[in-house]
Amino acid sequence: MSEMFCFQCEQVSNGVLCQNSKGACGKTADTSQAQDDLTAALIDLARVIQAQNRTPNANEVRLFVDGSFTCVTNVNFDDAVVAKMTAEVKAAITAAGGDAVLAGQATSAYDLNTLWTANEDIRSLKSLILLGMRGVAAYAHHAAVLGKNSAEVDNYFAVALAAIANPDLGLDVLIPMTMEVGQINLKAMEILYESNTGAYGKPAPITVTQTVEPGPFIVISGHDLHDLKLLLEQTEGTGVNVYTHTEMLPAHAYPELKRYPQLKGNFGTAWQNQQKEFDGIPAPILFTTNCLMPPRASYADRVFTTSVVAYPELSHIATGANGEKDFSAVIACAKALGGYAAPTTITGINGGTEVTTGFGHDAVLGVADVVIDAVKGGAIKHFFLVGGCDGAKTGRNYFTDFVKQAPADTVILTLACGKFRFNDLNIGNIGPLPRILDMGQCNDAYSAIQVALALAGAFECGVNDLPLSIVCSWYEQKAVAILLTLLSLGIKNILLGPSLPAFVSPTVLNFLVENFNIAPISTPEADLQKILG
Ligand code: SF4
Ligand code: SF3
C-alpha cells in the first residue's frame, strides 16, 4: 500500500508517482498527508462559499492563496506549519456557518483520496486545475504583499477548488475549466507585473557578476522582490552585501532595487545545485519562496526561511501584522560568518562569470523598430522562447545544447530558472541586440506574451504564424499554470520537456496534441530541424 500520493512535479519517482515514505524532493509522507489535508480543507471552504452563492472575503482569499502556495513543490516541508494553516481554514469554515452547509451535502468533508482514485481522465483534468491554481496562488501571493489583487483571480479559487469535489463534472466541463485556469493565471501574472513595476520601476538590461566580494554577505533566493527590498533597506550601511540566487536574479534590473550599492551580484546557478553550491558557505541564505531543498548539515544552521516557506528546525523570519519583517538575525549571522577572505566566483554551468537580465517587454519593445527591421531584413530568422523551470535530470542538458546549436541568426528569449542552463554563454549579438534575452522570472512569461502579441500586431499575423517557437522546461506547478495560459491563448506547437507530466492521462494528452500540437522534446538537432526546416 502506498504511504503517500504525489505526482505534481517533474521530479516524480519513476516518472509516475511518489508513494513511499519520502518523495524525490525530500517531502515526507507525513508532510504530503498534511498538504492533502490542507487542500481538502480549502476545497471544503470553496464548497461552502459556492453553496452560499457569494465571493470569498479577504481572510478566505488569503487562506486560498497562501494555503495553495504552501503546497507548491519545494516550498514547505514542515507538517506542523501546514497543520496550523489547515486549522485556520477549518476555523474560517466555522466562522462562515459552513459546518452546517457541509453537513447538508452528500460528502461533509472532502477526502483528497477521492481525487487520487478517480477515473484517470477526471483525475488528470482535476489535477491540472488544482495544480494550475497552486501556480496562480504563488503569483497572487507576490502581488498581495505589494497591496494588489484581482477579484477575478480571488473569486476563481472558490470556483476551481469546489469543482475538484464535484462528482458530476465530466470532460465537457473540466477541459474548458483548464483553459479558464490559464486565463486566470494570465490575469495573476499581469497584476504581478503591475505590482512589481509599480513598486520598483520597469526593468532595464543589466550585466550581473557571479563573483562574491570579500566580507560578510547574504544570499537571497526565491521570487519575492518585496522581501529583497526589505532586506536591502535593513542591510544599508551595515557592511553586509547581498547576492541574488536563482529566480531572484532579475531583481538586479529594477531601478528601485539596483540603486542599493550593497546589491552586488548573483550567487550560483539554479535551485537543484544548491546543496553543492551552499556546502560550507560562509554566509546565510534567505529563502523567500521555492525552491528550497533539504539542507545539508554543512550549512543548515545558516538557512533562514520566511513567508510560506518552512522546513523543520530552520530559522523562520515571521511576518508582522503590517507585513513588516525583522532580518536582524540574518544580518547578524552574515557578520558572524564573515564571508569569503578573497573574491570568489561561483561560475555558471558553462564556466561563465557573469550573466545578463532585464530584457522584459518594456526593454524589448523599446527597441521594437530595430527588432522588426532585423526580422524584415533577414538578420533575425527566428525567435525561440527557451525557458521555464530547471531541475536535476541529466536530460535537461537538452536546453543548453539547443541554445548552443541554435543558428547565429536566431534570438533566444528566456525566463525563469531554466535559463541557468545557458545564461552564462556568450553567443553573440545580432546588431545591438544580444542573442540571449533574459525576460525575468517565470511570472514574466507575461512579458514574453506581450512581445509575441506586439510582433503579431506589427506583422499583421497571428502569434502561431510568427517565426517564434516555444521550448518549455517544466518542474513545478507555476509552470503548469503558465502552460495552461499559453494554451488558453491558442498558442500551438509548444515543445515540452524534459518529460511530460505524470498527471496528464493519455486521453488528455491526445486532446492537447490534437488541439495544440504540443509535443515532447526529442533531440536539439531533430527539434531544430523540425522547426527551421
Ligand atoms: Fe514527488 Fe514532486 Fe511530489 Fe516531491 S513534489 S513528492 S518530488 S511528485
Ligand atoms: Fe525555478 Fe523552483 Fe520553477 Fe519561477 S525556482 S521557476 S523551479
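Residues numbered from 1 in each chain as written. Chains lettered and ligands numbered in written order. Predicted model: local features only at pLDDT ≥ 70, side-chain atom pairs only at ≥ 80, totals over all residues. Heavy atoms only, no water.

*Asks:* It is not clear to me how the layout of surface pockets should be interpreted in this structure. Could you clarify?
*Replies:* If a probe the size of a water molecule is rolled over the atoms, the empty space left behind becomes visible. Here the largest pocket defines a volume of roughly 920 Å³. Take the lining of the largest pocket: its biggest share by element is six residues, from helix α2 (residues 58–70). Classifying every residue of the lining of the largest pocket gives 15 nonpolar, eleven polar and nine charged. (1 Å grid on protein atoms, 1.4 Å probe; cavity = no way out; pocket = protein on both sides within 12 Å on 5 of 7 lines; lining within 4 Å. Points joined across faces, edges and corners; volume = space filled by probe spheres on them. Helix = DSSP H or I, 4+ residues; strand = E, 2+ residues; numbered from the N terminus. Nonpolar A, V, L, I, M, F, W, Y, C, P; charged D, E, K, R; others polar.)

*Asks:* How should the site of ligand 1 be read in this particular structure?
*Replies:* The environment of ligand 1 is formed by Met4, Cys6, Phe7, Gln8, Cys9, Val12, Cys18, Gly23, Ala24, Cys25, Lys27 and Thr73. Along the lines of polarity and charge, the residues of the shell around ligand 1 split into eight nonpolar, three polar and one charged. (Near = heavy atom within 4 Å.)

*Asks:* Any chance you could explain the packing of helix α1 (residues 29–51) against α2 here in plain terms?
*Replies:* What describes two packed helices is the angle between their axes and the distance between those same axes. Where α1 contacts α2, the two axes come as close as 10 Å, and the packing angle between them is 150 degrees. By the angle between their directions, the pair α1 and α2 is classed as roughly antiparallel. For the element pair α1 and α2, the recorded crossing hand is left-handed. Where α1 abuts α2, its residues Gln35, Leu38, Leu42, Leu45, Ala46 and Ile49 lie against Glu60, Leu63, Phe64, Gly67, Ser68 and Thr70. Classifying every residue of the contact of α1 with α2 by side-chain character gives seven nonpolar, four polar and one charged. (Axes fitted to C-alpha atoms, helices over the stretch in contact; angles between N-to-C directions. Parallel < 35°, antiparallel > 145°, perpendicular 65-115°, else oblique. Left-handed = near helix turned anticlockwise from the far one by under 90°. Contact = heavy atoms within 4.5 Å.)

*Asks:* Would you explain the packing of aromatic side chains in this entry?
*Replies:* For any pair of aromatic rings, the description consists of the separation of the ring centres together with the inter-plane angle of the planes. Applying the stated rule across the entire model yields 20 aromatic pairs. Each ring, one from Trp271 and one from Tyr475, has its centre 4.5 Å from the other, and the planes form 40 degrees; the classification is tilted. Note that Trp271 is positioned in the loop between β5 (263–266) and α11 (274–277) and Tyr475 in the loop between β16 (468–473) and α17 (477–488), a separation of 204 residues in sequence. Residue Trp271 shares its accessibility class with Tyr475, and that shared class is buried. Ring pairs connect the aromatic residues Phe217, Tyr243, Phe267, Phe278, Phe287, Tyr299 and Tyr340, which therefore count as one cluster. (Phe/Tyr/Trp six-rings, centres within 6.5 Å; stacked < 30°, edge-to-face > 60°. Buried < 20%, exposed > 50% of the residue type's maximum accessible area, 1.4 Å probe, protein only.)

*Asks:* Explain the sheet that holds β16 to me, please; I cannot follow it from the model alone.
*Replies:* Backbone-to-backbone hydrogen bonds join strands into a sheet, with any given pair of strands oriented parallel or antiparallel. The six strands lie next to each other as β15-β12-β11-β16-β17-β18, forming an open sheet whose pairing is parallel. Two strands close off the open sheet at either side, each with one partner strand: β15 (436–438) and β18 (519–520). (Pairing = 2+ DSSP bridges.)

*Asks:* Can you help me understand unusual backbone geometry in this one?
*Replies:* Here Asn290 and Cys291 are connected by a cis peptide whose omega angle stands at 15 degrees. One can find Cys291 in the loop between β6 (285–287) and β7 (303–306). With an omega dihedral of 5 degrees, the bond running from Gly497 to Pro498 counts as a cis peptide bond. In this structure, Pro498 sits in the loop between β17 (495–497) and α18 (506–516). The backbone of Asn493 sits at a positive phi, close to 65 degrees, despite the residue not being glycine. With respect to the helices and strands, Asn493 occurs in the loop between α17 and β17. One non-glycine residue, Asn517, lies in positive phi territory at about 50 degrees. By the secondary structure assignment, Asn517 is in the loop between α18 and β18. Taking relative accessible area as the criterion, Asn517 reaches 43% and is therefore assigned partly exposed.

*Asks:* Sorry, what's going on with the pairing of strand β3 (residues 217–221) here?
*Replies:* Regular strands place their side chains on alternate faces of the sheet. For β3, the buried fraction is high: five of the five residues fall into the buried class. Here β3 shows no split at all, with Phe217, Val219 and Ser221 on one side and Ile218 and Ile220 on the other all buried. The pairing of β3 with strand β4 (residues 241–244) spans four bridges and is parallel. What sits directly across from Ile218, in β4, is Val242. For the handedness criterion, the β-α-β arrangement of β3, helix α9 (residues 225–235) and β4 is classed as right-handed. With three bridges joining them, β3 and β6 adopt parallel strand pairing. Note that in β6 the partner of Ile220 across the bridge is Leu286. (Right-handed = clockwise from strand over helix to strand, strands pointing away.)

*Asks:* Please explain the side chain of Asp527 as it appears in this structure.
*Replies:* By secondary structure assignment, the location of Asp527 is in helix α19 (residues 524–532). Salt bridges are absent for the buried Asp527, whose nearest opposite-charge side chain, Lys530, sits at 4.4 Å. One polar contact links Asp527 to Tyr398, side chain to side chain, over a distance of 2.6 Å. With residues near it in sequence (within four places) discarded, Asp527 still touches Tyr398, Phe402, Leu495, Ile521 and Ser522. (Lys, Arg positive; Asp, Glu negative; His and termini not counted. Salt bridge = Lys/Arg side-chain N within 4 Å of Asp/Glu carboxyl O. Polar contact = N/O pair within 3.5 Å; in protein donor to acceptor, adjacent residues only side chain to side chain.)

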